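Topology and contacts: notes
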Amino acid sequence: MAWIPPVICFHIMLFFILETGRSSAEGPRVLTASGDIIIGGIFPIHEDVDKENQSFVPQQKQCIRFQIRGLTRALAMINAIETMNKSPALADANITLGYWIQDSCSDVNTALRATAHFTQQVNCQARDNTSTCRRPVMAVIGAAYSEISIAIARQLTLQMIPQISYSSTAVVLSDKSRFPAFMRTIPNDKHQTAAMVSLLNTYGWNWVGIVTTDGNYGLSALDNFVSQASENGICVAFRSILPQSITNQDMKSAITQTAKTIIRNPKVQVIVSFAKPTHMMYLYRELKSQILKAGQNVESMKRVWVASDSWSSSVSVNGNLSLEDIGHVLGFTFKSENLSSFLEYLDRLEATAYADTENNSFVREFYMQINASKHYRDNELVSKAVKTLREHTEADTTFSVEMAVSAITQAVASICKSVDCRTADRVQPWEVLKALWMQEFKLRQHTYMFDSNGDINQGYDVNMWRSDGEKSLIHDIIAEYHPQSNNFTYTNYSSPQSLQDLRHIISKCSNSCVPGEFKKTAEGQHTCCYECINCTENYFSNSTDMDQCLSCDTDSEWSTAGSSSCRPKALTFFCWQDGFAVVLLTFCALGILLAVLVSALFLHQRNTPIVKAAGGPLSQAILFSLIISYISAVMFVGRPNSIQCKARQVLFGLSFTLCVSCILVKTLQILLAFQFNPELQETLKKLYRPYIIITICVALQAAICICWLILKSPFNQINKNPTTLLEDCNEGSYLAFGVMLGYIAILVFVCFICAFKGRKLPQQYNEAKFITFSMLLYLISWLLFVPVYVTTSGVYLPAVEMVVILISNYGILSCHFFPKCYVILFKREKNTNSAFRKNLYEYSNKSRDSVSVSTSSVSEKQSNSQCIILRASSGLLREAERVGGALLQLNLPGGYQPQGYPYA
């Protein structure tokens, strides 16, 4: 009896062959099941049609290249309808669903022939047997490819038969003015390409290639991707468009050229593909072949492949290649749910063996395909077939088919609650279409609804391919894409190492421009191909690959060439911590201290001849004015404010005017004392009013300063330098500033002239020499100050005026007071009345030869009377007596006469 199994197997094989041949010759094979409501289905059970035998006679072409995933989709529809027939919704409506599934053979013409059968009018008379009278199709599920869906949609729209696709994603199908009856349970390609662009941006890949097909789906996806990529700074290095049909005569050359293009562009490490699985399988083979022929390492063909929904779930793309040869594959798939229902259906299919294949020619052909190479036993054949079906089951597409069946079921159930759907022609397809648009439907506790475009947009799952150690591929979902927010949510179980490996892959035409540089693109080149140029001064770039540098706020910021950020400008001024300021402040403090000490010394020695000769109270006024002048110099240090700017110049102007006015009075006093012309002397004597002169001089300077403060007063300002902010004082009116200094200069010049004339006075009266020198020092220093002040800028500009003030102050302090302090402290013998009298006598002897002396007499008075009364025609001794009263206040001892004085 051992011969029985082979004979049975032979008969089964013979039956399959005869059945297949007859189906191909007689027309399209179909799967049908009766019901009250018939749902049509169009699935790509075969991958193409035989185009070798061309004929003018219209005929059905033979389908070739059996496609397992097309069969799984058809089985998913059958399982979903059988499940829905058991649902409460249909039980309440007392109806059942039937199906009529046809093979599109991935060919538009074949699909149109199949659609024509759906739309044929069927006239079933009452006398006809309803079991044999075919009911009209109320809705169609399909097709898989956009090109076919577009074609059959136009045909179905004529009768407004609702069409729900499970994988056609062309954007044009969302145009309801052209395809009002078309719907789909997936998003359109506009969202998929947006997700791809977002993914490329996430990893910084902006130099990519595209592989697509020349059908509606491929070209539509290409246009959308290129448009969105360019908006996001992603450049397309090349576009390879392959023939839609696998059997096209140009397919081989197109695959070869595409492989060459990929190899010629080693910088393109990321390739986006909208091709079919078979296209990609041929391309991978050709890539490896060309690389091996060129003697290169297989590693050089590795790329990051971004797969569209058309092949992202395929398990046979790699063919004989391993995933290590291909590289990384990131695929976009539609959202999916639990497939337990369909997997249970496959289990039942395996358990019943051939019982469920009697009316399913597609499954029988599939069994024959499996058994062609190896002669399995019956149970082994079924197990192998079901295992293969499980491997080729696409979770996302299966779920999309189930959604389509669920939507139609609930739409029909809502209609049949008020209509007897068991009677033919009581329900029209357009009524089903209307119900689909208007209501929600549920599937596995989730609620769904078609949007205004007829789409259900749930987003995408992003899967990454990995190998199980052999040649089988596993698709791990690593992220979810949300179209509403255009971002990704990474799953908890995604592999961190795999994602990290992707970040090390660089797919750029040019290296990234680091912060501090900007991209400069040559004319005619891609915007992604550029050179990096350093930002110029006061410009910066703070991120990579910036198209242009950003400008710093030059009012408060600055940057060097090639900067990645702006630096705040440091606020500078002549601060207290500055070394130069410390030195000048030390001199100011020393000057104030010396002035105070000299003032104290002069007060203590106020009755001595030397102090009286220095002017008595006027010397205290000079010292006081010097102290104020030193204080005004201190106000040139530190951060300036409005009050400080106004006070420092006014204090200096008034204090130094007081100082020079006192010196002017002293100078006039000396000239008056030793003026030999009686008439001129008498005139000077009338004009000589010391305190009035001082008051007038100071009052004029005060008037100048008040006008200055009222009309255009000094103020603090911030000068914007290239790298710093300089805060200093603006004098307001430089004309007023010059008038103030010019007024002091005039007083100084008058003092200088008067003192110069009295430079040959007696040694004890010889202040004129020191006045001359101090005034000359003042004039020289301030004359030098003007050009230096005008040409100098920066933080040390206040120090220039401060230095000149100190020179002027120390000049007066040194020339007017230090010699007298020296005499008081170290030459006390000269600070006596007799010493002064003797000096005066010696001077008179020297002057006697050059002067005509008239009759004179000298009389002495009591000790508290006038000191010296000299009556001579020259007036020398007479004025000496006045000087003695005004300057010296000397008291000569009674009866004393200078030795050798000729007029004793």
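Residues numbered from 1 in each chain as written. Predicted model: local features only at pLDDT ≥ 70, side-chain atom pairs only at ≥ 80, totals over all residues. Heavy atoms only, no water.

1. Re the overall build of the chain
Of regular secondary structure, the chain possesses 27 helices and 27 strands. Per-residue burial for the chain yields a buried fraction of 52% across its 904 residues. A fraction of 70% describes how many contacts in the chain between residues 6 or more apart in sequence connect residues 24 or more apart. About 41700 Å² of surface is accessible on the chain, with carbon and sulfur atoms providing 55% of the total. (Helix = DSSP H or I, 4+ residues; strand = E, 2+ residues; numbered from the N terminus. Buried < 20%, exposed > 50% of the residue type's maximum accessible area, 1.4 Å probe, protein only. Contact = heavy atoms within 4.5 Å. Areas by Shrake-Rupley, 256 points an atom, 1.4 Å probe, with all protein chains shown as cover.)

2. Observations regarding helix H8 (residues 251-264)
The terminal C-alpha atoms of H8 lie 20 Å apart, and with 14 residues this matches the ideal 20 Å at 1.5 Å per residue to within 8%. Of all the residues in H8, the buried ones are Met251, Ala254, Ile255, Thr256, Thr258, Ala259, Thr261 and Ile262. Buried residues belonging to H8 abut strand S9 (207-213), strand S10 (235-242), strand S11 (270-273), helix H9 (277-293) and strand S12 (303-307). (Expected span 1.5 Å × (residues − 1).)

3. Quick look at the pattern of salt bridges
As enumerated under the stated definition, the model contains 16 salt bridges in all. Its salt-bridge partner being lysine 302, residue glutamate 299 comes within 3.6 Å of it at the nearest N-O pair. Relative accessible area serves as the criterion here: at 49%, glutamate 299 is assigned to the partly exposed category. In this structure, the salt-bridge partner of aspartate 476 is arginine 466, at a minimum N-O distance of 2.2 Å. Taken together, the residues aspartate 476 in strand S17 (residues 473-482) and arginine 466 in strand S16 (residues 460-467) connect sequence positions 10 residues apart. Judged by relative accessible area, aspartate 476 falls into the partly exposed class, the value being 26%. Three or more residues are tied together by salt bridges with common partners; here these are Arg69, Arg73 and Glu394. (Salt bridge = Lys/Arg side-chain N within 4 Å of Asp/Glu carboxyl O.)

4. So, the environment of valine 750
With respect to the helices and strands, valine 750 occurs in helix H23 (residues 734-757). C-alpha separation for the pair valine 750 and threonine 667, spaced 83 residues apart in sequence, amounts to 9.2 Å.

5. Regarding the side chain of arginine 73
Structurally, arginine 73 can be placed in helix H2 (residues 68-84). Apart from the residues within four sequence positions on either side, arginine 73 is in contact with Phe43, Pro44, Ala144, Tyr166, Ser167, Glu394, Thr397 and Val401.

6. What to know about empty space enclosed by the protein
If you roll a probe as big as a water molecule over the atoms, it shows you where there is empty space left. For the structure shown, the criterion picks out 13 cavities of 30 Å³ or more. Looking at the second largest cavity, its volume works out to about 220 Å³. In terms of lining residues, the second largest cavity is bounded by 22 residues, among which Ala144, Tyr145, Ser167, Asp309 and Ser310 are the most central. Contributions of two or more residues to the lining of the second largest cavity are made by H2, helix H5 (146-157) and helix H14 (395-416). Residue composition of the lining of the second largest cavity, by class: six nonpolar, nine polar and seven charged. (1 Å grid on protein atoms, 1.4 Å probe; cavity = no way out; pocket = protein on both sides within 12 Å on 5 of 7 lines; lining within 4 Å. Points joined across faces, edges and corners; volume = space filled by probe spheres on them. Nonpolar A, V, L, I, M, F, W, Y, C, P; charged D, E, K, R; others polar.)

7. Regarding the packing of H2 against H14
For the pair H2 and H14, the least separation of the axes is 9 Å and the interaxial angle reads 35 degrees. Between H2 and H14 lies a crossing of right-handed hand. In contact with Arg73, Ala76, Met77, Asn79, Ala80, Ile81 and Met84 of H2, H14 contributes Thr397, Thr398, Val401, Glu402, Val405, Ser406 and Thr409. By residue class, the composition of the contact of H2 with H14 is seven nonpolar, five polar and two charged. (Axes fitted to C-alpha atoms, helices over the stretch in contact; angles between N-to-C directions. Left-handed = near helix turned anticlockwise from the far one by under 90°.)

8. Comments concerning the packing of helix H12 (residues 361-371) against helix H13 (residues 378-391)
One can describe the packing of H12 onto H13 by two numbers: an axis separation of 10 Å at closest approach and a directional angle of 105 degrees. Classified by the angle between their axes, H12 and H13 sit roughly perpendicular to one another. Note on element contacts: H13 touches H12 through Leu381, Val382, Lys384, Ala385, Thr388 and Leu389, opposite Phe366, Tyr367, Ile370 and Asn371. A breakdown of the residues in the contact of H12 with H13 according to their chemical character gives seven nonpolar, two polar and one charged. (Parallel < 35°, antiparallel > 145°, perpendicular 65-115°, else oblique.)

9. As for a nonpolar patch on the surface
Side chains of Phe580, Val583, Phe587, Leu590, Leu593, Leu597 and Tyr796 sit close together on the surface and give an oily, nonpolar patch of about 620 Å² of accessible area. Tracing the sequence through the fold places leucine 590 in helix H17 (residues 579-604). (Patch = residues over 30% accessible without salt bridge, like charges linked within 9 Å, V, L, I, M, F, W, Y side chains within 5 Å.)

10. A look at the pairing of S17
Here S16 runs beside S17; their pairing, made up of eight bridges, is antiparallel. Paired with serine 467 across the two strands is leucine 473, which belongs to S17. As defined by bridge partners, S17 adjoins strand S18 (residues 487-490) across four bridges and the pair is classed as antiparallel. Residue pairing for S18: alanine 479 is matched across the bridge by tyrosine 490. Following S17, the chain reverses through four residues before pairing antiparallel with S18; asparagine 486 in that reversal takes a positive phi of roughly 55 degrees. (Pairing = 2+ DSSP bridges.)

11. Details of the sheet that holds strand S8 (residues 182-184)
The six strands lie next to each other as S1-S5-S2-S6-S7-S8, forming an open sheet whose pairing is mixed. Single-partner strands in this sheet number two, and they are strand S1 (30-33) and S8. The mean inter-strand angle of the sheet, taken between neighbouring strand axes irrespective of direction, is 20 degrees. Judged from the four bridges that link them, S1 and strand S5 (residues 97-103) form a sheet pairing that is antiparallel. What sits directly across from alanine 33, in S5, is tyrosine 99.

12. Overview of the layout of surface pockets
Counted as a void, the largest pocket has a volume near 590 Å³. Along its surface, the largest pocket is lined by 21 residues, and Phe66, Gln67, Ile68, Ser316 and His392 are the ones closest to its centre. Listed by contribution, the elements that provide at least two residues to the lining of the largest pocket are strand S4 (63-66), H2, H9, H12 and H13. Considering only residue class, the lining of the largest pocket consists of seven nonpolar, eight polar and six charged.

13. Some details on helix H15 (residues 429-438)
Because each turn of an α-helix spans 3.6 residues, side chains separated by three or four positions end up pointing in the same direction. Those residues of H15 that sit buried are Pro429, Val432, Leu433, Ala435 and Leu436. In an axial view of H15, the angular spread of the buried residues amounts to 165 degrees, which keeps them on one side of the axis. Considering only its buried residues, H15 is in contact with strand S6 (137-141), strand S7 (163-165), S8 and H14. (Arc of directions from axis to C-beta.)

14. Some words on the sheet that holds S9
A sheet is described by the order of its strands in space; here eight strands give the open sequence S10-S9-S11-S12-S13-S16-S17-S18, paired in mixed fashion. Edge strands, defined here as strands with exactly one partner in the open sheet, are S10 and S18. Strand-to-strand twist of the sheet, defined as the mean angle between neighbouring strand axes without regard to direction, takes the value 25 degrees. For S9 and S11, the ladder comprises four bridges, and the chain directions are parallel. Counted as the bridge partner of valine 208 is valine 270 from S11. The sheet contacts of helix H6 (residues 189-203) involve S9, S11, S12, strand S13 (327-334), S16, S17 and S18, and relative to S18 the element is tilted by about 70 degrees.

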